[in-house]
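Topology and contacts: notes
Here is how the chains run, residue by residue.
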Amino acid sequence: MTIKGTIQGQGFNYKSFKGQKNQQETKDFLVSYQDGNYSKQVVLTAWNQTIAEMENAIGEKTFSIEPTSREYQGKYYTSIKVWRVS
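Here is a short report on the structure shown in this document. (Residues numbered from 1 in each chain as written. Predicted model: local features only at pLDDT ≥ 70, side-chain atom pairs only at ≥ 80, totals over all residues. Heavy atoms only, no water.)

**Some points on the pairing of strand β3 (residues 38-47)**
Bridge analysis of strand β2 (residues 23-35) against β3 gives 10 bridges, and the strand direction is antiparallel. Looking at β3, one finds that Asp-28 is bridged to Thr-45. Two successive antiparallel strands, β2 and β3, enclose a turn made up of 2 residues, where Gly-36 displays a positive phi of approximately 70°. Examined bridge by bridge, β3 and strand β5 (residues 75-85) share 2 bridges and lie parallel to one another. (Pairing = 2+ DSSP bridges. Helix = DSSP H or I, 4+ residues; strand = E, 2+ residues; numbered from the N terminus.)

**Digging into the side chain of Gln-24**
By secondary structure assignment, the location of Gln-24 is in strand β2. On the basis of relative accessible area, Gln-24 is assigned to the buried category, the value being 16%. Among the polar contacts made by the side chain of Gln-24, one reaches the side chain of Asn-22 at a distance of 2.7 Å. Within the local environment of Gln-24, its side chain forms a polar contact with the side chain of Asn-48, the two groups lying 3.0 Å apart. Discounting chain neighbours no more than four positions away, the residues touching Gln-24 are Lys-15, Ser-16, Phe-17, Gly-19, Trp-47 and Asn-48. (Buried < 20%, exposed > 50% of the residue type's maximum accessible area, 1.4 Å probe, protein only. Polar contact = N/O pair within 3.5 Å; in protein donor to acceptor, adjacent residues only side chain to side chain. Contact = heavy atoms within 4.5 Å.)

Below is the structure:
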């Protein structure tokens with residue numbers, strides 16, 4: 001799945017933590033995109049090396065994304081992971 005949009009700002013909510021095998025990093029980015037006649041915004045989460053790609057993205061880009069939801073104690077949490085910027 002892809003969306004075409006522009007990153008707004010420098011990102012936020014940086015996290016670094018020890019994963020099962022190695023050190024992991026995540027950072028959220030606000031992306032604005034056009035949906036028909038309406039401008040919309042979505043927060044995309046970049047992991048590890050994708051963070052640098054997002055920080056260096058200038059202008060309109062295409063983001064390959066993977067939306068996921070998981071259940072925790074009866075509530076569902078949704079995130080949108082970006083895995084490629086082109």
